Amino acid sequence: MTRTLYLHGFASSPQSRKAQYFAEHIPDLVIPDLNQDNFGGLTISRQLAQLKPLLTEPSYIIGSSLGGLTAAILAEQCPELVKKIVLLAPAFQFTTNWRRRLGETTIAEWQKEIYRPVFHYSYQREIPLHYNFFQDAETYANYSFKNTTSTLILHGIHDETVPIQVSEDYCKDRPWTTLISLDSDHSLGNCLDTLVQETKQFLFGG
């Protein structure tokens, strides 16, 4: 029996529309809350520490955005337990994209002031996020992915948060990785049926 986990994205939650849609179509889907009631203290390393104890048996992992990056790292660190991964607009080159979007001045201010308000989509309010989040993410900026875990990536061609070029670059020289381009933005909200159908076909053969 293979366990299937869904990892929600940054400033999201297990109650997100996408997470719940997957839960409706994949029986016994496990959706951990990566906020841990402390979004302000979030880091990728904290997510990994939270998730590794859940890998008590062979698992499939579906990850959205930052959850997709986390899923890929888990597959690298736990190859004997992570059998397949599905990445939805995965946040590869994460800090590179944040530097582009925020600008170096804003990041320097964040480092100086320690906290920066971030709008949390599930909580519908701004929450101060500690600079440790960005600092920790930098340690994974040049992460070397060498595993050959069977991977499916679904990415929107109109994604302005994580450009599809990021996934195209990741797939180069990785023949075990399949990329499906979709007519969508970062949320992939207009193609939930396609996401679920492609995921089920890839993971379960139907």
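Residues numbered from 1 in each chain as written. Predicted model: local features only at pLDDT ≥ 70, side-chain atom pairs only at ≥ 80, totals over all residues. Heavy atoms only, no water.

Draft legend 1. Spatial organisation of the nonpolar core. Counting residues in hydrophobic clusters, the biggest one holds 44 residues, and the most contacted among them are Phe-10, Leu-69, Phe-92 and Phe-133. The element contributing the most residues to this core is helix α3 (residues 66–77), with seven residues. If sequence neighbours within four positions are ignored, Phe-10 has contacts with Phe-39, Leu-42, Leu-66, Trp-98, Val-118, Leu-129 and Phe-133. Judged by nonpolar contacts, the second largest core, of 22 residues, contains Ile-62, Leu-152, Leu-195 and Val-196. (Core = buried A, V, L, I, M, F, W, Y, C linked by side-chain atoms within 4.5 Å. Buried < 20%, exposed > 50% of the residue type's maximum accessible area, 1.4 Å probe, protein only. Helix = DSSP H or I, 4+ residues; strand = E, 2+ residues; numbered from the N terminus. Contact = heavy atoms within 4.5 Å.)

Draft legend 2. Just the side chain of Asp-159, in detail. Within the element layout of this structure, Asp-159 appears in the loop between β6 (150–156) and α7 (164–171). For the buried residue Asp-159, which engages in no salt bridge, the nearest side chain bearing the opposite charge is Arg-100, 7.3 Å off. Of the polar contacts made by the side chain of Asp-159, one reaches the backbone nitrogen of Thr-161; its length is 2.8 Å. (Lys, Arg positive; Asp, Glu negative; His and termini not counted. Salt bridge = Lys/Arg side-chain N within 4 Å of Asp/Glu carboxyl O. Polar contact = N/O pair within 3.5 Å; in protein donor to acceptor, adjacent residues only side chain to side chain.)

Draft legend 3. Region of the structure containing the pattern of salt bridges. Within the structure shown, the criterion is met by four salt bridges. Among the salt bridges present, the one from Arg-99 reaches Glu-104, with a minimum N-O distance of 2.6 Å. A relative accessible area of 46% places Glu-104 in the partly exposed class. Where Arg-99 meets Glu-138, a salt bridge forms, and the shortest distance between an N and an O atom there is 2.5 Å. Taken together, the positions of Arg-99 in helix α4 (residues 94–102) and Glu-138 in helix α6 (residues 132–138) put the pair 39 residues apart, joining distant regions of the chain. Among the charged side chains, a network of salt bridges with common partners joins Arg-99, Glu-104 and Glu-138.

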